[in-house]
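Spelled out from the first residue to the last, the chains are:
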Amino acid sequence: MKIDFNKNEDGLVPAIIQDAVTKNVLMLGYMNQEAFDITRETKKVTFFSRTKKRLWTKGEESGNFLILVDIKNDCDNDTLLVSVKPEGPTCHTGTDTCWSEENTSNFGFLSQLEQVIEQRRTASDSSKSYVASLFEKGINKIAQKVGEEAVETVIEAMDSNDELFLYESADLLFHYLILLQAKGFTLKDIEAELVKRHK
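Note that this is a predicted model, so its numbers are computed, not measured. (Residues numbered from 1 in each chain as written. Predicted model: local features only at pLDDT ≥ 70, side-chain atom pairs only at ≥ 80, totals over all residues. Heavy atoms only, no water.)

## So, the sheet that holds strand β2 (residues 25-31)
Strand order in this open sheet of four strands is β2-β1-β6-β5, and the pairing throughout is mixed. On the outer flanks of this sheet lie β2 and β5 (66-73), each paired with one strand and no other. Adjacent strand axes in the sheet meet at a mean angle of 30° when their direction is disregarded. Judged from the six bridges that link them, strand β1 (residues 13-19) and β2 form a sheet pairing that is antiparallel. Each residue of the ladder has a partner; that of I16, found in β2, is L28. In the packing of helix α1 (residues 33-42) onto the sheet, contacts are made with β2, β5 and β6 (80-86), and the angle to β5 comes to roughly 120°. (Pairing = 2+ DSSP bridges. Helix = DSSP H or I, 4+ residues; strand = E, 2+ residues; numbered from the N terminus. Axes fitted to C-alpha atoms, helices over the stretch in contact; angles between N-to-C directions. Contact = heavy atoms within 4.5 Å.)

## What to know about the packing of aromatic side chains
The geometry of an aromatic ring pair is captured by two quantities: the separation of the ring centres and the angle between the planes. For the coordinates displayed, the defined rule picks out two aromatic pairs. Each ring, one from F47 and one from W56, has its centre 5.2 Å from the other, and the planes form 35°; the classification is tilted. Judged by relative accessible area, W56 falls into the partly exposed class, the value being 23%. Over the face of the ring belonging to F65 we find K44, whose NZ or CZ atom lies 4.0 Å from the ring centre. The ring centre of F135 lies 5.6 Å from the NZ or CZ of R121, which sits over that ring. (Phe/Tyr/Trp six-rings, centres within 6.5 Å; stacked < 30°, edge-to-face > 60°. Buried < 20%, exposed > 50% of the residue type's maximum accessible area, 1.4 Å probe, protein only. Lys NZ or Arg CZ within 6 Å of the ring centre and 35° of its normal.)

Rendered as structure tokens:
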């Protein structure tokens, strides 16, 4: 890996710290050659402090270490993307990230869809919402609907119409998200179960 530590007079390059699982950005620090070498050797992320003018290992006082998973260099060889497993909060203020955000998984549009389902489930006028009407009918109806969509997805999987297969797959996933909420769970719970099995 070629890193241009000499690009700046101080010999430092920015190091963007990212959770290896959630992909959330946790903090930004700076590394010189020595900090980089120590990080790779010890597997604990080490920076060069611009204020203290010395090396410091994240967690050396708090115990909230950043365990190295991977390091990548950008196209200009002057910025690092450091993938880590955080042991506790990252920010010195006690928050998960230096932007005061929770370091939890986000599934993009599927997370937004979960929020929409929750909003419609709790809407005051259920007559205007298909989702709310399903919740009103109860868990048996929701489970039945998931079963119907699963059968339709399987049927389309054995056919050659990819458009219909994707359509039914989307229906299945949508109704499965409803079933998860009806049981008091979200995709984060499913992710946690899969991670547990992966070990």
